[in-house]
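Listed below, chain by chain, are the residues.
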2 protein chains.
Amino acid sequence: MLRLSKLTDYAVVVLLAMAERVPEPASAGVRTSPCLAGATGVPEPTVAKVLKALSAAGLVASLRGARGGYRLMRPLEEISVADVVTAVDGPIALAACIEGAASPCEVHHSCAAKGQWQLVNDAVCAALGAISLADMREAAVPPLLRPSGRPVTSLPFSQIAE
Amino acid sequence: MLRLSKLTDYAVVVLLAMAERVPEPASAGVRTSPCLAGATGVPEPTVAKVLKALSAAGLVASLRGARGGYRLMRPLEEISVADVVTAVDGPIALAACIEGAASPCEVHHSCAAKGQWQLVNDAVCAALGAISLADMREAAVPPLLRPSGRPVTSLPFSQIAE
DNA sequence: AGCAAACAGGACTTCACAAGTCCGATTAGG
DNA sequence: CCTAATCGGACTTGTGAAGTCCTGTTTGCT
Ligand code: SF4
Ligand code: SF4
């Protein structure tokens with residue numbers, strides 16, 4: 001069905017919630033896991049898990065100890081969907097012969113399309129990297145699809161790959 | 001990991017194998033399941049399963065009876081990756097709030113990004129629909145990515161949706 | 001007419017990954 | 001120095017894909 005992980009979906013929701021609501025400026029945008037859980041409706045442990053992956057990827061910073069929490073580092077205009085996907089679900093590798101090792105595809109020796117998925121993979125990465133979270137937030141879906149050639153964030157592929 | 005179904009991968013491999021090798025022109029390009037299994041290295045039952053899905057979607061035609069087999073209907077210049085994905089894995093629906101029902105997303109009532117995935121979904125559909133199997137075959141991956149604005153097949157979205 | 005080859009369709013079993021849950025380590029605060 | 005609140009990682013469970021198999025139907029060949 002080509003569905004991305006539900007964790008990734010929740011990650012976007014949580015990030016949008018983090019940026020949207022800043023009622024207490026005293027904390028400088030620091031939000032705790034239960035706070036975000038209550039704001040989004042996602043169960044707390046799941047939110048915590050998502051935040052862990054995001055902090056490991058460097059998208060959000062974690063402040064430990066009492067009065068701690070999470071704080072997003074970059075404005076969400078500079079966070080692409082590809083960043084969130086790679087942070088939560090790992091690198092984007094549609095087939096088994098891209099670079100996501102551990103499964104050398106048991107028929108790779110007699111496969112005519114061995115490295116050809118790279119083209120599709122790059123196209124998907126570009127499509128996901130061209131959409132920022134800010135676009136998703138204010139997306140009233142104006143046309144049916146934008147001209148598809150406008151790189152909103154235009155982040156290099158090396159960043160996506162790693 | 002954002003991996004597409006392995007069946008989809010095999011479907012592309014099988015389609016390429018069907019088009020590539022035509023040693024006996026007497027059959028007009030008709031290939032049997034065990035023949036394709038031997039040519040690709042994929043186990044026969046899996047090949048049969050893939051072919052069934054492809055014939056159900058109308059990408060290949062099936063000739064029953066002895067001396068039967070499968071024959072691809074369109075030249076693979078006119079078959080996009082999105083067609084194969086939708087034929088094998090069903091419609092492309094990244095999140096649970098696109099149109100792939102059966103799972104209304106238990107937090108949809110308090111989700112700020114309810115319909116925003118549609119933008120990303122359309123972008124992915126466009127990216128997958130702009131690449132044909134012929135592009136994959138002769139893809140020596142010339143640059144790193146093509147200008148991303150050239151619709152190779154330019155099939156309408158309605159075809160992707162259904 | 002009878003037989004063999006090949007597809008159609010479904011059901012079943014197996015298994016890996018994701019989803020969700022839990023408790024321990026760490027740190028700011030009092 | 002102690003407490004409290006939080007992050008961090010490890011664990012258990014469930015769902016869905018992947019793969020296999022079987023039976024019925026159709027067609028060509030002998
Ligand atoms: S394209 Fe070929 S080698 Fe690559 S994962 Fe698919 S079957 Fe394996
Ligand atoms: S975007 Fe919101 S409503 Fe849509 S699937 Fe994700 S959590 Fe559910």
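Throughout, a residue's number is its position along its own chain's written sequence, starting from 1. Ligands are numbered from 1 and chains lettered from A, in the order in which they are written. Confidence filtering applies because this is a predicted model: local features only for residues at pLDDT of at least 70, side-chain atom pairs given and counted only at 80 or more, and all residues used for totals across whole chains, interfaces and linings. Computation of side-chain values: all heavy atoms of the structure, hydrogens and water removed.

Engineer: I keep staring at the interface of chain A and chain B and nothing clicks. Help me out?
Structural biologist: In many analyses, interface size is given as the accessible surface area lost on bringing the parts together. Every contact between the two is made by 50 residues of chain A and, on the other side, 50 residues of chain B. Accessible area that two parts lose when put together, evaluated with a 1.4 Å probe and summed over both, is termed the buried area. Taken together, both faces of the contact between chain A and chain B bury some 4800 Å²; the carbon and sulfur share is 69%. The largest share of the area that chain A buries against chain B comes from Leu2(A), Trp117(A) and Leu119(A), three residues that together contribute 16% of it. Basic side-chain nitrogens of Lys or Arg form a salt bridge, by our definition, when they fall within 4 Å of a carboxyl oxygen of Asp or Glu. Summed over the shared surface of chain A and chain B, the number is 0 salt bridges. Polar contact is defined as a pair of N or O atoms within 3.5 Å, subject to the rule that within protein one atom must be able to donate a hydrogen and the other to accept it, and that residues adjacent in sequence are counted only when both atoms are side-chain atoms. Scanning the region where chain A abuts chain B turns up 8 residue pairs in polar contact (both at pLDDT 80 or more). Contacts were defined at the residue level, with two residues in contact if any of their heavy atoms lie within 4.5 Å.

Engineer: In this structure, what is going on with the protein's contact with DNA strand D? I would like to understand it.
Structural biologist: The criterion for a residue being near a molecule or strand is simple. One of its heavy atoms has to lie within 4 Å of it. Taken together, 19 residues lie around DNA strand D, and Lys52(A), Tyr70(A), Ser5(B), Lys6(B) and Lys49(B) are the ones closest in. If you look at DNA strand D and keep only atoms within 4 Å of the protein, 67% of those are sugar or phosphate atoms. Between DNA strand D and the protein, one listed contact pairs a base oxygen with a side-chain N or O atom of Lys52(A) at 2.4 Å. The separation between a phosphate oxygen of DNA strand D and a polar side-chain atom of Ser55(A) is 3.4 Å. Secondary structure elements follow DSSP: runs of H or I no shorter than four residues count as helices, runs of E no shorter than two count as strands, and numbering proceeds from the N terminus. Put simply, the parts of the chain that give the surface near DNA strand D at least two residues each are helix H3 (44-57) and strand S2 (69-72) of chain A together with helix H1 (6-20) and helix H3 (44-57) of chain B. Residues are grouped as follows: Ala, Val, Leu, Ile, Met, Phe, Trp, Tyr, Cys and Pro are nonpolar; Asp, Glu, Lys and Arg are charged; every other residue, Gly included, is polar. In terms of residue class, the surface near DNA strand D is made up of 4 nonpolar, 9 polar and 6 charged.

Engineer: How should empty space enclosed by the protein be read in this particular structure?
Structural biologist: A probe matching the size of a water molecule, rolled over the atoms, marks out where space remains unfilled. A cavity here means a set of points on a 1 Å grid, drawn over the protein atoms and nothing else, where a 1.4 Å probe fits but cannot get out; a pocket is an open set with protein on both sides within 12 Å along at least five of seven lines, and a residue lines either one if it has an atom within 4 Å of a point. Grid points are joined across faces, edges and corners, and a volume is the space filled by probe spheres set on the points. The tally for this structure, following the rule as stated, stands at 4 cavities of 30 Å³ or more. As a volume, the largest cavity reaches approximately 80 Å³. Contributing to the lining of the largest cavity are Leu2(A), Leu94(A), Val124(A), Leu128(A), Leu2(B), Leu94(B), Val124(B) and Leu128(B). Considering only residue class, the lining of the largest cavity consists of 8 nonpolar, no polar and no charged.

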